[in-house]
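Secondary and tertiary structure notes
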Amino acid sequence: MAAGNTTVQTPPFGRPAMLVRPLDIRTVAPIAALVVLALLVIMPLVVMLIASFRPANVYPFEGTAFTFDNYLEVFTSPTILPLLQTTVVYSAAGIIIGLPIAFGLAFLTERTDLPLRSWMYTLMFIPLSTPPFATALGWVLLLGDRAGSINQWLRYFFNLDINAGPFNIFTLEGMIFVHALGIVPSMWLLLTGVLRNMDPNLEEAAVASGAGKWRTLFVVTIPLMAPALLAIMVLFFVAG
């Protein structure tokens, strides 16, 4: 078909011409990531789920027998309720202790002229890059009930006639303490992003209207951050 000096080639049978595009890295990368995720995460979970319905001493893909005895044994055990209660206390207490600390540090970093606050970004990433095993071992060496360095110093300086303590990192309270401090850097990182993207004009308007710093914090800043705070609490509760 000719139009003026321009000739347009019409595909046969009225079908549009198909263009073969080369593979784009933006398309290949997500597909490759999904394949790796399926191999490393989803497949082991599927195998574990199938194994949970198999009788004792039977491989996941061996035979055709399925049973619910494993689940009945777990959920009818007299220890399941105390275990769930301890887990909830451990996770909730860690958030109750860690979230105010992380929020305070994030607020000082993003909403104040704290001296050397730029160093906070470096200091907070140090515990994030430390392996959890090394962190746990460090707390054991510091607050182990018998051989912990801090406990030994306290027993020596205060002439305590005890062979263990006064602190014990192996208790539930000690685990909550370590867990709370361990999640502070991650919470801080999320909270700084929320504060940085939040419009400070609303806080400035509250101050200009006569509201004090604490009133502005509890009436403007925290309510604006409520959805993000709730999401962070749910995230770290599940992680705990």
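Residues numbered from 1 in each chain as written. Predicted model: local features only at pLDDT ≥ 70, side-chain atom pairs only at ≥ 80, totals over all residues. Heavy atoms only, no water.

1. With respect to the nonpolar core
Put simply, the rule is: What we call a nonpolar core is a set of buried Ala, Val, Leu, Ile, Met, Phe, Trp, Tyr and Cys residues that are connected through their side-chain atoms within 4.5 Å. Any residue under 20% of the maximum accessible area for its type is buried, any over 50% is exposed, and the rest in between are partly exposed; the area is computed with a 1.4 Å probe on protein chains only. Helix and strand assignments follow DSSP, with helices taken as H or I runs no shorter than four residues and strands as E runs no shorter than two, numbered in order from the N terminus. Between two residues, a contact is recorded if the distance between any of their heavy atoms is within 4.5 Å.
Leu99, Met187, Leu191 and Met225 are the most contacted members of the largest nonpolar core, which has 19 residues in total. Contributing elements (two or more residues each) for this core: helix H3 (80-111), helix H4 (119-129), helix H7 (172-197) and helix H9 (213-239). Not counting the four nearest positions on each side in its chain, Met187 is found in contact with Ile95, Gly98, Leu99, Ala102, Ile232 and Phe236.

2. As for the packing of helix H5 (residues 132-143) against helix H6 (residues 149-157)
How we decide: Here an axis means a line fitted to C-alpha atoms, over the contact stretch when the element is a helix, while the angle between two N-to-C directions is reported on a 0 to 180 degree scale. Any angle from 65 to 115 degrees is called roughly perpendicular, while one under 35 is roughly parallel, one over 145 is roughly antiparallel, and all others are oblique. Ten residue types, Ala, Val, Leu, Ile, Met, Phe, Trp, Tyr, Cys and Pro, are classed as nonpolar, four, Asp, Glu, Lys and Arg, as charged, and the remainder, Gly among them, as polar.
Where H5 contacts H6, the two axes come as close as 3 Å, and the packing angle between them is 10°. In terms of their interaxial angle, H5 and H6 are classed as roughly parallel. Contacts from Leu141, Leu142 and Leu143 of H5 reach H6 at Ser149, Ile150 and Asn151. Looking at the contact of H5 with H6 residue by residue, the class counts come to four nonpolar, two polar and no charged.

3. Points about the pattern of salt bridges
Short version of the rule: In the sections that follow, a salt bridge refers to a side-chain nitrogen of Lys or Arg positioned within 4 Å of a carboxyl oxygen of Asp or Glu.
Taken as a whole and assessed by the stated rule, the structure comprises two salt bridges. With a closest N to O distance of 2.9 Å, Arg196 and Glu110 form a salt bridge. With Arg196 in helix H7 and Glu110 in helix H3, this residue pair connects regions lying 86 residues apart in the sequence.

4. A few points about H9
The following threshold applies: Each residue after the first adds 1.5 Å to the expected span of a helix. Bend is the name given here to the angle between axes fitted to two runs of seven residues, the run ending at a residue and the run starting at it.
Between its first and last C-alpha atoms H9 spans 33 Å; for 27 residues at 1.5 Å apiece the expected length is 39 Å, and the helix comes up short by more than 12%. At Ala226, H9 is bent by approximately 55°, the largest bend along its length, and proline Pro227 sits one to four residues beyond. Contact partners of the buried residues in H9: H3, H7 and helix H8 (201-208).

5. So, the side chain of Glu110
How we decide: Side-chain atoms alone can form a polar contact between residues adjacent in sequence; in general such a contact is a pair of N or O atoms within 3.5 Å, and within protein one must be able to donate a hydrogen while the other accepts it.
We classify Glu110 as buried; its relative accessible area is 17%. Polar contacts involving the side chain of Glu110 include one to the side chain of Tyr121, which spans 2.6 Å. Those residues within four positions of Glu110 in sequence are excluded, and the remaining contacts are Arg117, Tyr121, Thr192, Leu195 and Arg196.

6. Remarks on the packing of H3 against H4
Viewed as axis vectors pointing N to C, H3 and H4 meet at an angle of 150°, and their least axial separation amounts to 10 Å. Our classification of the angle between H3 and H4 gives roughly antiparallel. From H3, Leu105, Thr109 and Glu110 reach across to H4, where they touch Met120, Tyr121 and Met124.

7. A closer look at helix H1 (residues 25-52)
With 28 residues, H1 ought to run about 40 Å at 1.5 Å a step, and its terminal C-alpha atoms sit 39 Å apart, in line with that. Considering bend angle alone, the principal kink of H1 is centred on Ala38 and spans about 40°.

8. Concerning the side chain of Thr109
Looking at the element boundaries, Thr109 is found in helix H3. We classify Thr109 as buried; its relative accessible area is 0%. A distance of 2.6 Å separates the side chain of Thr109 from the backbone oxygen of Leu105, its partner in a polar contact. The residues contacting Thr109, other than those within four sequence positions of it, are Arg117, Met120, Tyr121 and Trp188.

9. Some remarks on the packing of aromatic side chains
Spelled out, the test is: Two aromatic rings, drawn from Phe, Tyr or Trp (for Trp, its six-membered ring), form a pair once their centres lie within 6.5 Å of each other, and the interplanar angle then sorts them: stacked below 30 degrees, edge-to-face above 60, tilted otherwise. Only when the NZ atom of a Lys or the CZ atom of an Arg is both within 6 Å of the ring centre and within 35 degrees of the ring normal do we say a charge sits over the ring.
Scanning all chains against the criterion turns up seven aromatic pairs. Pairing Phe103 with Phe107 gives two aromatic rings, centres 6.2 Å apart and planes at 25°, and the pair type is stacked. With Phe103 and Phe107 both in helix H3, this residue pair falls four residues apart, about one helical turn. We classify Phe103 as buried; its relative accessible area is 12%. Ring pairs connect the aromatic residues Phe53, Phe68 and Tyr71, which therefore count as one cluster. Over the aromatic face of Phe66 sits the side chain of Arg54, whose NZ or CZ is 4.2 Å from the ring centroid.

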